[in-house]
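The residues making up each chain are set out below.
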Amino acid sequence: MEEPREKFDVVVVGSGNAALCAALSAREAGASVLVVEKAPEEWRGGNSFFTGGILRFTFRGIDDIKSLIPDLSEEELRSIEVEPYSEDQFYNDMLRITEYLTDADLALTLIRQSFPTMQWLRDKGVRWTLAFGRQAFLVKGKFRFWGGLIVEAVGGGPGLVGALFERAAKDGIEIRYGSKATRLLLSRDGRITGIEIRGAQGFYEIDTSAIVLASGGFEANAEWRCRYLGKDWELAKVRGTPYNTGDGIKMALDIGAQPFGHWSSCHAVAWDLNAPPFGDRKVGELFQKHSYPLGIVVNIKGERFLDEGADFRNYTYAEYGRRILTQPQRAAFQIFDSKVLPLLRDEYRIREVTKAEASTIEELAMKLEIDVEGLVRTVREFNAAVEPGEFNPAILDGKRTKGISPPKTNWALPIDAPPFVGFAVTTGITFTFGGLRISSSGEILDTENRPIPGLYGAGELVGGLFYFNYPGASGLMAGAVFGRLSGREAAGYATLHLEHSEK
Ligand SMILES: Cc1cc2nc3c(=O)[nH]c(=O)nc-3n(C[C@H](O)[C@H](O)[C@H](O)COP(=O)(O)OP(=O)(O)OC[C@H]3O[C@@H](n4cnc5c(N)ncnc54)[C@H](O)[C@@H]3O)c2cc1C
């Protein structure tokens, strides 16, 4: 006799931040929940594990921050200067950064739900702390936070997902590793009825009326990268998990879901030239090199090709990483002098770094195998173009160059104090921007804009939020907001469905 098929109210696909938020939220709403994760357990947590655990959310001032970090000491409070980050600021950032293309309903949901979701995450056991190391500069005795970001999870990405896994275990949520979702099962009238999984013993099916897809973008799929992002993208290094190959997007498209958003674009950063092809769970995000606003960036010919100081790092890094791929040999070099070395982020001091140090620019160029004349000329012209003014890395200081192209619009200091240090980087892809269309409560829509009954989505596989560029730390926040919403909606739908089928 055939064994009865397993049945869950809600099945969540993936075990990153978005998936775990969906699972916890569905459980909170009373649903029985199964999480299926394609990766083995030692790779659990997806890209979310690799993050610094920093999230973008709105706050009205220090009291909101204190509610997230109740154990802030008096000393910490005295040492910081906190400016609010309003809904309008967040929305303006989303509009400006995405060339006004972000979907207004999705963006406003993300923004309005950001602070309540931070509180919800705290209630689920995530511990928050101030992001001194990444988002603050010491100015006149006070830490000043910049770029709208102030809080990160204790323990970074591993700490964030670790807390969510712990809570999932406490809430009795089963997580099945090495279990790849392969197909969505539908009734004749187009409702979700189940899911096909490939586990260690082969394919099997599970009955469910509600599925939350949270299985990431297609950044780890070289063929899709080439197909959608374009020439040479198959050569980019992948910053995080090798398991985000667009499976959830494909399964949903196969049953009529609507493709949405900026399919030919992605988030990518300057990433160590010699980093491995996929993420390394020990090094995590530290192959990134984010302090370029403090120096200059050149290609192998020694030529600058972008405005290092166009804006705060959070608003340029995701786009600038992509530009490196178009440079000869897909390489770039960040050049600093001794004046700014103490300001470089921690990631510049790891053992696994491709760098050179020299007492002259010629010697530095030789060590980095950059065209010597090119670099010497670039540095000479750059230094001559630097305008006077006060350098302040915590604000857009307007200290700029004049008469060179591209300009450096802020934080332009001459590169004239040895030792000179250079770091070799290439393009590291973080996640893709194109994906599925969801409603503001997480329902996946079909090509006629109707919800596919029982199908929900969250996280990287959602299209329509980010175009061209991305305001740093919105990814985890979007995953948490839409994960929480879609989990709750999926549980509600499953309950209704159950009541209906029992009548
Ligand atoms: C190095 C790095 C640093 C980052 N830093 C930050 C940061 O500080 N702040 C921020 O906001 N964002 C950051 N990001 C972006 C952030 O990681 C993503 O926006 C977010 O984590 C995506 O969450 P997710 O849950 O959608 O996907 P993921 O966390 O990637 O989870 C997707 C999961 O789905 C699984 N999966 C895939 N296919 C299947 C299938 N067929 N069946 C079952 N499971 C499947 C995968 O194995 C994976 O575990 C960073 C990303 C990287 C790579």
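Computed from a prediction, not measured in an experiment: that's the story for all the values here.

**Considerations on the overall build of the protein**
Broken down by element type, the protein carries 14 helices and 23 strands. For the protein, the C-alpha radius of gyration of 23 Å lies close to 23 Å, the compact-globule estimate for 503 residues. Each principal axis of the C-alpha distribution contributes one length, and for the protein these read about 80 × 50 × 40 Å. Counting the 503 residues in the protein, one finds 59% classified as buried. Put simply, the protein has 58 plus and 67 minus side-chain charges, and the middle of one group is 1 Å from the middle of the other.

**Overview of the packing of helix H1 (residues 17-28) against helix H8 (residues 156-170)**
Interaxial distance between H1 and H8 falls to 10 Å at its minimum, and their mutual angle equals 30°. With respect to H8, the axis of H1 lies roughly parallel. As for how H1 packs across H8, the hand of that crossing is left-handed. Together, Asn-17, Leu-20, Cys-21 and Leu-24 of H1 and Leu-160, Val-161, Leu-164, Phe-165, Arg-167 and Ala-168 of H8 make up the contact between the two elements.

**Considerations on the environment of Arg-323**
Structurally, the position occupied by Arg-323 is in helix H11 (residues 313-324). Considering only alpha carbons, one finds Arg-323 and Leu-306, 17 residues apart in sequence, at a separation of 8.5 Å. When sequence neighbours within four positions are dropped, the list of residues in contact with Arg-323 reads Phe-305 and Leu-306. At 3.5 Å, the side chain of Arg-323 and the backbone oxygen of Phe-305 are in polar contact.

**What to know about the pattern of salt bridges**
Enumeration over the complete set of coordinates arrives at 31 salt bridges. In this structure, Asp-446 engages Arg-450 in a salt bridge whose closest nitrogen and oxygen atoms are separated by 3.0 Å. Overall, Asp-446 belongs to the buried group, its relative accessible area being 9%. Several salt bridges share partner residues, and in doing so they unite Arg-5, Arg-183, Glu-196, Glu-205 and Asp-207 into one network.

**Re the pairing of strand E3 (residues 33-36)**
In E3, alternate side chains face the same way, and those of Val-33 and Val-35 on one face and Leu-34 and Val-36 on the other are all buried. Bridge count for strand E2 (residues 10-13) against E3 is four bridges, and the pairing is parallel. Within E3, the position partnered with Val-12 by the bridge is Val-35. This β-α-β element, E2 to H1 to E3, shows right-handed connectivity. The pairing of E3 with strand E9 (residues 174-176) spans three bridges and is classified as parallel. Note that in E9 the partner of Val-36 across the bridge is Arg-176.

**Topic: helix H10 (residues 247-254)**
Restricting attention to buried positions, one finds in H10 the residues Asp-247, Gly-248, Ile-249, Met-251 and Ala-252. Looking at the residues trailing H10, positive phi occurs at Gly-256, about 100°.

**What to know about the packing of helix H12 (residues 361-368) against helix H13 (residues 372-385)**
For the pair H12 and H13, interaxial distance at closest approach is 9 Å and the crossing angle is 135°. The orientation of H12 relative to H13 falls into the category oblique. In this structure, H12 meets H13 at a crossing whose hand is right-handed. Facing Ile-361, Glu-362, Ala-365 and Met-366 of H12, the residues of H13 in contact are Val-372, Leu-375, Val-376 and Val-379. Within the contact of H12 with H13, the residues separate by chemical class into seven nonpolar, no polar and one charged.

**Some points on the state of the cysteines**
Within the structure shown, the criterion is met by zero disulfides. Between Cys-266, a cysteine without a disulfide, and Cys-226, which holds the nearest cysteine sulfur, the sulfur-to-sulfur distance is 13 Å.

**Things to note about the sheet that holds strand E4 (residues 80-81)**
Spatial ordering of the open sheet is given by E4-E7-E6, a layout of three strands whose pairing is mixed. Two strands lie at the open edges of the sheet, namely E4 and strand E6 (136-139), each paired on one side alone. Here four bridges tie E6 to strand E7 (residues 142-145), and the two strands are oriented antiparallel to one another. Within E7, the position partnered with Leu-138 by the bridge is Phe-143.

**Digging into the side chain of Thr-245**
If you trace the backbone, Thr-245 turns up in the loop between strand E14 (237-238) and H10. For Thr-245, a relative accessible area of 19% translates into the label buried. For Thr-245, the side chain forms a polar contact with the side chain of Lys-38, separated by 2.9 Å. Setting aside residues up to four positions removed in sequence, Thr-245 forms contacts with Lys-38, Gly-217, Phe-218, Ala-220 and Asn-221.

**Let's talk about the sheet that holds E3**
Note: strands within a sheet are paired through backbone hydrogen bonds, in either parallel or antiparallel orientation. Spatially, E9-E3-E2-E13-E23-E22 is the arrangement adopted by the six strands of the open sheet, whose pairing is mixed. In this open sheet, the two strands that pair with only one neighbour each are E9 and strand E22 (443-445). If you compare each strand with its neighbour and ignore which way they point, the axes differ by 35° on average. With four bridges joining them, E2 and strand E13 (residues 210-213) adopt parallel strand pairing. Across the sheet, Val-11 pairs through a bridge with Ile-211, a residue of E13. Where H1 meets the sheet, its contacts fall on E2, E3, E9 and E13, and the angle it forms with E2 comes to roughly 165°.

**A short note on the packing of aromatic side chains**
Applying the stated criterion across every chain, the model contains 23 aromatic pairs. Between Trp-224 and Tyr-228, the aromatic rings sit 5.6 Å apart at their centres with planes inclined by 75°, giving edge-to-face as the arrangement. Here Tyr-228 and Trp-224 lie together in helix H9 (residues 222-229), a separation of four residues that amounts to about one turn. Judged by relative accessible area, which is 28%, Tyr-228 ranks as partly exposed. Its end group placed over the ring of Phe-165, Arg-44 keeps NZ or CZ at 3.7 Å from the ring centre. Its end group placed over the ring of Phe-260, Arg-437 keeps NZ or CZ at 4.0 Å from the ring centre.

Conventions adopted
- Residues numbered from 1 in each chain as written.
- Predicted model: local features only at pLDDT ≥ 70, side-chain atom pairs only at ≥ 80, totals over all residues.
- Heavy atoms only, no water.
- Helix = DSSP H or I, 4+ residues; strand = E, 2+ residues; numbered from the N terminus.
- Rg over C-alpha atoms; globule rule 2.2 N^0.38 Å.
- Buried < 20%, exposed > 50% of the residue type's maximum accessible area, 1.4 Å probe, protein only.
- Lys, Arg positive; Asp, Glu negative; His and termini not counted.
- Charge placed at Lys NZ, Arg CZ, Asp CG, Glu CD.
- Axes fitted to C-alpha atoms, helices over the stretch in contact; angles between N-to-C directions.
- Parallel < 35°, antiparallel > 145°, perpendicular 65-115°, else oblique.
- Left-handed = near helix turned anticlockwise from the far one by under 90°.
- Contact = heavy atoms within 4.5 Å.
- Polar contact = N/O pair within 3.5 Å; in protein donor to acceptor, adjacent residues only side chain to side chain.
- Salt bridge = Lys/Arg side-chain N within 4 Å of Asp/Glu carboxyl O.
- Pairing = 2+ DSSP bridges.
- Right-handed = clockwise from strand over helix to strand, strands pointing away.
- Nonpolar A, V, L, I, M, F, W, Y, C, P; charged D, E, K, R; others polar.
- Disulfide = S-S within 2.5 Å.
- Phe/Tyr/Trp six-rings, centres within 6.5 Å; stacked < 30°, edge-to-face > 60°.
- Lys NZ or Arg CZ within 6 Å of the ring centre and 35° of its normal.

Function cannot be inferred from these measures alone, as they are strictly geometric.
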